[in-house]
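Now for the letters of each chain:
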Number of protein chains: 2
Amino acid sequence: MPSEQPWRRWRHVVKLDPDRPLPEGLLQALGDSGTDAVLLGGTQRITYDNVQALLGRLRRDVPHVPVWQEVSSEEAVVSGVDGYAIPVVLNAGDTRWLIGEHVRALLKYRPFLDWSNVLIEGYLVLNDDCAVADLTEANACLTREEAAAYAVAGESLFSMPVIYIEYSGTYGDPETVKEIARVVQNSHVFYGGGIDSFAKASEMGALADTIIVGNALYGENWREVLDASVRAVK
Amino acid sequence: MPSEQPWRRWRHVVKLDPDRPLPEGLLQALGDSGTDAVLLGGTQRITYDNVQALLGRLRRDVPHVPVWQEVSSEEAVVSGVDGYAIPVVLNAGDTRWLIGEHVRALLKYRPFLDWSNVLIEGYLVLNDDCAVADLTEANACLTREEAAAYAVAGESLFSMPVIYIEYSGTYGDPETVKEIARVVQNSHVFYGGGIDSFAKASEMGALADTIIVGNALYGENWREVLDASVRAVK
């Protein structure tokens, strides 16, 4: 592991989807918000071009904000970001999302890879709506104890530097997040999902090391969400 | 990771299968052989009782030889060994062998686990006879480059302390082992499969950090195999 791990200091991260149009004024507001970093990522229609375009706007408008790319498709990898986050879906139903896609990418990029600015994220895809399990090919319908066991496996079997609790768009169960944070010893805990208020940011921010705010920034109240969620954890 | 990692000094390991009858005199010969450790493990009919019985014989006859259990079934875990090796099959076809079974075991044993004497092994199941792929649910028919990419993934994504190249009963391709050893930076490399002579032990021992001798110790020439394979790497 590199000695320099800037993500260990992150309390608040903004996740921007290169496939979605940004609300007018959001980028400028980001620069003054106090957020620690921007993570570029999404699940559908992520291309080299739309990632590059969004990165360009960020570098021009808010050059002091660190930008990391969360790599979901090898074709969309751009240069010029501060780092790369590589998701490993711990509760995936298919080995592709645990190691298969990564091996495929390594076959192409291994000789060019600089591991010093790479962050491996051990994702736990959790969601009350169990229909999502099908889409993500994840065993997302876990009990609290099962979710905690996956987190321990991520930390102890795979030495994941980050355990990323992902409720994708819905607000998670604080007791589950609390239990995961309790059993994890060294891994840093990210929480993402449904944060759209001071109260929710505050609640999850007290349990996880870092909160990720995404979806709610594309809604009407984005300015309030951004401001309140940063205030809640800073 | 614990500071004490005795397996880093292993050059020669004997793998004993608790389900197979030992040749007369093998245990006594082990004590004088110079092998670094015994790994108790197998794939079929491994029970608490047969592991415990073999461990008892080892402790009585050769108490100075370290004995580690390679855990393939949670029901067969015994106490009183020097450590536990936990296999993670990197090229498994089913998530069970990457993380699923481990999560199931963690649900039962997590509170009692002492990680300081646990070694996580990143297995690469390779075999020329591709029929074995079905049995092991592994994608065992890999090109040299694919095998190397799996090894890099094991090291860089999952921080596996050991990459275990397993040709299970057949002698492997030295060029593949060489390529894996070349691309792996920090992980320790185990090689197992088909070592039944000085020449083979010598060849694989020059490429891998540790060679594992197993099957051939159950054959007629076990005394010669044991002696020659230790001499080749010591």
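Residues numbered from 1 in each chain as written. Chains lettered and ligands numbered in written order. Predicted model: local features only at pLDDT ≥ 70, side-chain atom pairs only at ≥ 80, totals over all residues. Heavy atoms only, no water.

- Under an unreviewed UniProt entry, the name given to chain A is Heptaprenylglyceryl phosphate synthase, and the source organism is Tumebacillus flagellatus.
- Taken directly from UniProt, the Sequence similarities (unreviewed entry) text for chain A runs: "Belongs to the GGGP/HepGP synthase family. Group I subfamily."
- The record in UniProt for chain A states the following under Catalytic activity (unreviewed entry): "sn-glycerol 1-phosphate + all-trans-heptaprenyl diphosphate = 3-heptaprenyl-sn-glycero-1-phosphate + diphosphate". (UniProt positions renumbered as here; feature names shortened; annotations may be inferred.)

Remarks on the pattern of salt bridges
Part 1 of the reasoning: A full pass over the atoms with the stated rule returns 27 salt bridges over all chains.
Part 2 of the reasoning: Of the charged contacts, one joins K15 of chain B and E70 of chain B as a salt bridge, the two residues approaching to 2.9 Å between their closest N and O atoms. With a gap of 55 residues between them, K15 of chain B in strand β1 (residues 12–16) and E70 of chain B in strand β3 (residues 67–70) connect regions that are remote in the sequence.
Part 3 of the reasoning: The class of K15 of chain B is buried, set by a relative accessible area of 14%.
Part 4 of the reasoning: The class of E70 of chain B is buried, set by a relative accessible area of 7%.
Part 5 of the reasoning: Here D19 of chain B and R45 of chain B are joined by a salt bridge, their closest N and O atoms 2.9 Å apart. Of this pair, D19 of chain B sits in the loop between β1 and α1 (26–33) while R45 of chain B sits in the loop between β2 (37–40) and α2 (48–61), and the two are 26 residues apart along the sequence.
Part 6 of the reasoning: In this structure, a network of salt bridges that share partners links the residues E74, R96, E101, R104 and K108 of chain A. (Salt bridge = Lys/Arg side-chain N within 4 Å of Asp/Glu carboxyl O. Helix = DSSP H or I, 4+ residues; strand = E, 2+ residues; numbered from the N terminus. Buried < 20%, exposed > 50% of the residue type's maximum accessible area, 1.4 Å probe, protein only.)

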